[in-house]
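Structural description and commentary
Here is what each chain is made of, one letter per residue.
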Amino acid sequence: MKTPLHSRSGSVFVIALITLTVVATIIGVSATLTSHVGRIGGRNNNNAEAQTAAESAIEVLFDNWRTLTSVTIDPTNAQLSASSVVPTTSQWTTLHPGLAGYTLTASVEALDGNGAPFRDENGTVIANAIATKRWTFSSGPTTRRVRQRSYLAIVTAVRAGQRAVVQRVFERNDNPFFSFMMFAQKKFELHPGPNMDVVGKIHSNEGTMYLLGGGGSGLRLWDYVSYVDGYAEAGSPELIANEGVSGRTLPVYGAPGTTSDTEKARLLSVSAPLEAFGRDTSLIFDSDNINAQSYRELIERPNSGDSTVQDIEDRRLYNQADLKILIDRSLIAQPDKPITDAANIDAVQVLTKSNSAVSDTVKTAVLKGISTTTTTGGTTAATKFYDAREHRFVEAVNVDIGALKTEFYDKSGTGFYAPILYVSEINRPTVNQGQGYDANGNAISRTSSVYNTIGGVRIKNARELPKNVNSDTNDSDGLVIVSENPVYVQGDFNTGGAVATDVATNRSIGSTVIPTNDKYNGTTLSANSTQRYKRVPSAIMGDAVSILSNSWNDANSFYNKTRWDSEKEQLIIDGATGLTATSTTVDVYSATGVKTTQTITRNASKSTVNAAVFSGWMISDSSQRTGSPNDKQSGGMHNFPRFLENWSGNSLTYYGSLVTLFESEQGYADFSLSYYNPPRRVWYYDPLFETQQPAGFFASTEYRRGRFYRTLANN
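So, a few notes on the structure that sits alongside this text.

Scoring rules and cut-offs
- Residue numbers run consecutively from 1 along every chain, following the written order of its sequence.
- pLDDT decides what is reported in this predicted model: residues at 70 or higher carry local features, side-chain atom pairs at 80 or more are listed and counted, and totals for whole chains, interfaces and linings draw on all residues regardless.
- With hydrogens and water set aside, each side-chain value is computed from the structure's full complement of heavy atoms.
- Working definition: with a 1.4 Å probe on protein chains only, accessible area under 20% of the residue-type maximum means buried, over 50% means exposed, and in between means partly exposed.
- Secondary structure is summarised from DSSP: a helix means a run of H or I of at least four residues, a strand means a run of E of at least two, and numbering begins at the N terminus for each.
- Any N or O atom pair separated by 3.5 Å or less is treated as a polar contact, with the protein-specific requirement of one donor-capable and one acceptor-capable atom, and with residues adjacent in sequence counted only for side-chain atom pairs.
- Here a strand pair is declared whenever DSSP counts at least two bridges between the two strands.
- Just to be clear on terms, a salt bridge is a Lys or Arg side-chain nitrogen sitting within 4 Å of an Asp or Glu carboxyl oxygen.
- For this analysis, a nonpolar core means a set of buried residues of the types Ala, Val, Leu, Ile, Met, Phe, Trp, Tyr and Cys, connected via side-chain atoms within 4.5 Å.
- Only heavy atoms enter the contact rule, under which two residues are in contact if any of them lie within 4.5 Å.

Thoughts on helix α9 (residues 401–409)
Where burial is concerned, most of α9 is hidden: seven out of the nine residues are buried. All of the buried residues in α9 are I401, G402, A403, L404, K405, F408 and Y409. The opening residue of α9, the one whose side-chain oxygen lies 3.1 Å from the backbone nitrogen of G402, is D400.

Here's the deal with the sheet that holds strand β38 (residues 651–656)
Across the sheet, six strands lie side by side as β15-β12-β9-β40-β38-β36; this open sheet has parallel pairing. The sheet is open, and its two edges are formed by β15 (252–253) and β36 (607–610), each paired on a single side. Pairing geometry for β36 and β38, over four bridges, is parallel. Bridge pairing in β38 places T608 opposite T653.

Some thoughts on the pattern of salt bridges
Counted under the stated rule, the structure contains 20 salt bridges. Its salt-bridge partner being E49, residue R159 comes within 2.8 Å of it at the nearest N-O pair. Taken together, the positions of R159 in strand β5 (residues 145–159) and E49 in helix α1 (residues 5–71) put the pair 110 residues apart, joining distant regions of the chain. Overall, E49 belongs to the partly exposed group, its relative accessible area being 37%. Salt-bridge contacts for D410 lead to K405; the nearest nitrogen and oxygen are separated by 2.7 Å.

Observations concerning the nonpolar core
Membership of the largest hydrophobic core comes to 114 residues, with the highest contact counts inside it found for M182, L190, I202, F493, M541 and F614. Among the elements that take part in this core, strand β24 (residues 420–426) stands out by supplying five residues, more than any other. Apart from residues no more than four positions distant in its own chain, F614 is found in contact with F178, L298, I299, I540, M541, G542, V659, L661, F662 and F698. One finds L61, F62, V86 and Y703 within the second-largest nonpolar core, a separate group that totals 27 residues.

Things to note about the sheet that holds strand β14 (residues 231–232)
Strand order in the open sheet made by the three strands is β8-β11-β14, with parallel pairing throughout. Every other strand in the sheet has two partners, leaving β8 (189–190) and β14 as the edge strands with one partner each. Pairing geometry for β8 and strand β11 (residues 209–211), over two bridges, is parallel. When the sheet's bridge partners are listed, E189 is paired in β11 with Y210.

As structure tokens, then:
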């Protein structure tokens, strides 16, 4: 049946109407959706911009925080909230133009020992911050002690109804240099002649590291070896030029009983040097500023004639010292009289950490342990001995640790404990010593460096070191001795005992015996009690450090080259001459010309030193060769603590850490083999430093940013 025409027309109209309605609805929905998408996109853009602004502000805080903590190791909350760290409203735009139009609130706070958690807008914990830690261990094969300080930075950025909150952890990690057995800033060389075991990590910060053993079992490296600029199992050019490498052996890796090829995995390349100041030293050192020349500033006194650099001043050991003893050599009117004599007392300053003079009582007590003279056979004369490496006399300031301990540290009424002791001879006059002769008999003036005397600090009677009698713990025990002069350590140090044979390592160490690695490697009994002596965390710091054995005798350190002038009938003294390593036979003339023959020896005996050593050394450099042999040779890290005696067959037992960052300026003579025979080196990193570092701040610094934590929310 056909549908009437008018019915079909009505149906078409209805369908068309429905279609138009649907299309209109779709268009309306599309328009609405487009509007919503636009608004959402705008909000997302606003969110992203707010987040970017907050992250930019975090970077401003990081730069400001780093500037503050580079000069103030542990800032207070007031310092952290100051405008120099957290800018004021008007400062933000100036510091970062992209922050214009934002309302910013910010804070930086130190995290406590438990760590402060990150929380979202609802207070829910989203991550835990790393707690501030005191001297913990970093992980991995280059494990070292790290003092970590953590800070939480928070920035809220608000604009156009949107808000972004960004949180980030800032970390300052201090890595003590005394975490290594050996650490050299430049050109690490280790090529001992006698067999040598090195127990503890070693590190080269700059330049090729050269490793080579002597004959026999040679050089054994027990622990990790790290370097920045490469290494070579070979002798340095200077070693080859001066001594040759015939008969030498490649180093062996790992402890006895391990496989060297397997243990060689401990040889590590690191990407960047450890910076003492936590940033590029080109931003710190300035050749035109006498207070910012090099790492040697760490042991020097500041100079009032120039500006200071805060990075250096916070680490300068003079500023950290609790007790400072300065001997002005130009004011010693009568050198053969004690420093306490009325003619000489004005030459002495004894100062506190704040550079104020101590009381007369304290000064009197301190000077019981300080002298510039030596009494022999009832005759008192200025202390003088000969440094055969330097080819110069040393007029030394003697530091008698035993006397200081008795008269100052352990004596009630002296007022304070001084774990960092700074001793320096200053204002040494140039003395014309008249006509002299060089090794070839050529006439020279003795005002040359060959014959000039140098100042020095000699540490003696130091088997027992001070302890903090006012403390129930041993956290502050020990002693750090610092000087800008060359330092000489005579006899056992930090071992306990009254005489050398009291020290166990002086009795038992032979060519292969290794002492027990504990705190009691010194005596069985201490000198003054029935208890075993525990070595305490200590360090010796100076321009150069020489170790003199228990058998050292000033009188045997030199002899005067003399000749009899028959025409003038008088004795001619040509100057002091250093002895060879073994005994020397010399002709000695009396004042009337009578010749006698004498035999002089400088034979060392077994000795033990338990202390970290930080000093300068002479860096090998073949480019400075002026003849043969090379005129600039360090002698390697095995000769970093210097020797002046015939040690042949005797051991030097050493527990500590050896660190060098700069070149010596006062003890600047190069190494040679002519004036000593090396000891059997029984050397170990002191595990005591893993729990107790010597007093003072002496570390490299790293600054790190942690990850971002972000929260985006409407107002």
